[in-house]
Amino acid sequence: MEDQGLNRHVFLAKLITQYAYLHRKTVGPAAEEYIRQIGIRSGGWIEGFYNENSAPWSIDQYANVIIDIKNRIGGHFEIVTVEKNCVVVKANSCPFGSVVRDAPHLCMMTSSVFGGIAARKFGYGKVSLRKRIALGESNCEVAIYFSPNETEDGLVYEDLPVTPVNADLFLWEEETIKMLNEELRRSDDMLVKLLDELEVLKQQVKESGSKQKA
């Protein structure tokens, strides 16, 4: 997606990234877990558009599908390599355009969509975001592994349930909501602790200054 003038893509991209920016400012690191959960669900929904039959997917098919997904929503992705245990793709532009730099944690959407589909189709997916336009790099590069390995770090996706046909993928289970709320609570506790520590430090500096004057 090119950011040339105002159009629907530019407007929606800016709207989403600003919401994501404010959300992360509000809840802290827990915002990434929210994005991850949404990406897993969204990937399952999108995946349904490519399930023409019940036959297992090949690695080549998986690679072509994830590229097609990104390009259909405004990105410019292409395949770098396809191997038995790993697919590498790259992008010259992001579906969110340059405004993704406002909320780089939205890259978690790419990770969870790619990893979630891999986990459902092959039982396992590890996603390494090697390069990210969101962090100011000129392009994105993503590696997806289909079995455990120590080649490089990445987020692991496995044991993901396959949603039954015609089921509502966005009907959130109570356990998932509780988990997200727990992440939010921990983030709040961390912030309160940090503020308390800053207040103690401030008091210590104040007391030290008073002793020096005396």
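The model shown is predicted, which means the values in this text are computed figures rather than measured ones. (Residues numbered from 1 in each chain as written. Predicted model: local features only at pLDDT ≥ 70, side-chain atom pairs only at ≥ 80, totals over all residues. Heavy atoms only, no water.)

In terms of regular secondary structure, the protein chain is built from 5 helices and 5 strands. Sequence-ordered secondary structure for the protein chain, helices as α and strands as β, is α-α-α-β-β-α-β-β-β-α. Every one of the 214 residues in the protein chain was classed for burial, and the buried ones make up 41%. Taking the intrachain contacts of the protein chain between residues at least 6 apart in sequence as the baseline, contacts between residues at least 24 apart amount to 65%. As displayed, the protein chain has an accessible area near 13100 Å², and 55% of this comes from carbon and sulfur atoms. (Helix = DSSP H or I, 4+ residues; strand = E, 2+ residues; numbered from the N terminus. Buried < 20%, exposed > 50% of the residue type's maximum accessible area, 1.4 Å probe, protein only. Contact = heavy atoms within 4.5 Å. Areas by Shrake-Rupley, 256 points an atom, 1.4 Å probe, with all protein chains shown as cover.)

So, about the side chain of lysine 126. Note that lysine 126 resides in strand E3 (residues 124-131). For the buried lysine 126, no salt bridge exists, and the shortest N-O distance to an oppositely charged side chain is 5.7 Å, to glutamate 150. There is a polar contact of 2.9 Å between the side chain of lysine 126 and the backbone oxygen of asparagine 149. (Lys, Arg positive; Asp, Glu negative; His and termini not counted. Salt bridge = Lys/Arg side-chain N within 4 Å of Asp/Glu carboxyl O. Polar contact = N/O pair within 3.5 Å; in protein donor to acceptor, adjacent residues only side chain to side chain.)

A few words now on a nonpolar patch on the surface. Together, Leu6, Phe11, Leu12, Leu15 and Ile16 make up a nonpolar patch on the protein surface, roughly 510 Å² of accessible area in all. Of note, isoleucine 16 is situated in helix H1 (residues 8-27). (Patch = residues over 30% accessible without salt bridge, like charges linked within 9 Å, V, L, I, M, F, W, Y side chains within 5 Å.)

Going through the model one piece at a time under the given rule, you end up with 5 aromatic pairs. Centroid distance tyrosine 62 to phenylalanine 122: 5.8 Å. Interplanar angle 70°. Geometry classified as edge-to-face. Of this pair, tyrosine 62 sits in helix H3 (residues 59-72) while phenylalanine 122 sits in helix H4 (residues 107-122); the two residues are 60 residues apart in sequence, bridging distant segments of the chain. For phenylalanine 122, a relative accessible area of 24% corresponds to the partly exposed category. Centroid distance tyrosine 62 to phenylalanine 146: 5.3 Å. Interplanar angle 90°. Geometry classified as edge-to-face. Within this pair, whereas tyrosine 62 is found in helix H3, its partner phenylalanine 146 is found in the loop between strand E4 (140-145) and strand E5 (155-158), the two being separated by 84 residues in sequence. Grouping residues by exposure puts tyrosine 62 and phenylalanine 146 together as buried. Cluster of aromatic residues (ring-pair linked, three or more members): Tyr62, Phe122 and Phe146. The positively charged end of lysine 126 is found above the aromatic ring belonging to tyrosine 145, 5.7 Å away from the centroid. (Phe/Tyr/Trp six-rings, centres within 6.5 Å; stacked < 30°, edge-to-face > 60°. Lys NZ or Arg CZ within 6 Å of the ring centre and 35° of its normal.)

Our focus in this paragraph is helix H2 (residues 30-47). Taking 1.5 Å per residue, 18 residues should reach 26 Å; H2 reaches 26 Å between its end C-alpha atoms and fits that length. The buried count for H2 comes to 15 of 18 residues, which makes it a mostly enclosed element. (Expected span 1.5 Å × (residues − 1).)

This next bit is on the sheet that holds E5. Across the sheet, 5 strands lie side by side as E1-E2-E4-E3-E5; this open sheet has antiparallel pairing. Only two strands of the sheet have a single partner each, and these edge strands are strand E1 (76-82) and E5. Averaged over all neighbouring strand pairs, the angle between strand axes comes to 20°, with direction disregarded. Pairing of E1 with strand E2 (residues 86-93) involves 6 bridges; the strand directions are antiparallel. Residue histidine 76 lies in a different strand from E2, and its bridge partner there is serine 93. Sheet contacts for H3: E1, E2 and E4; angle to E1, the most-contacted strand, approximately 165°. Against the sheet, H4 engages E1, E2, E3, E4 and E5, with an angle of about 150° to E3. (Pairing = 2+ DSSP bridges. Axes fitted to C-alpha atoms, helices over the stretch in contact; angles between N-to-C directions.)

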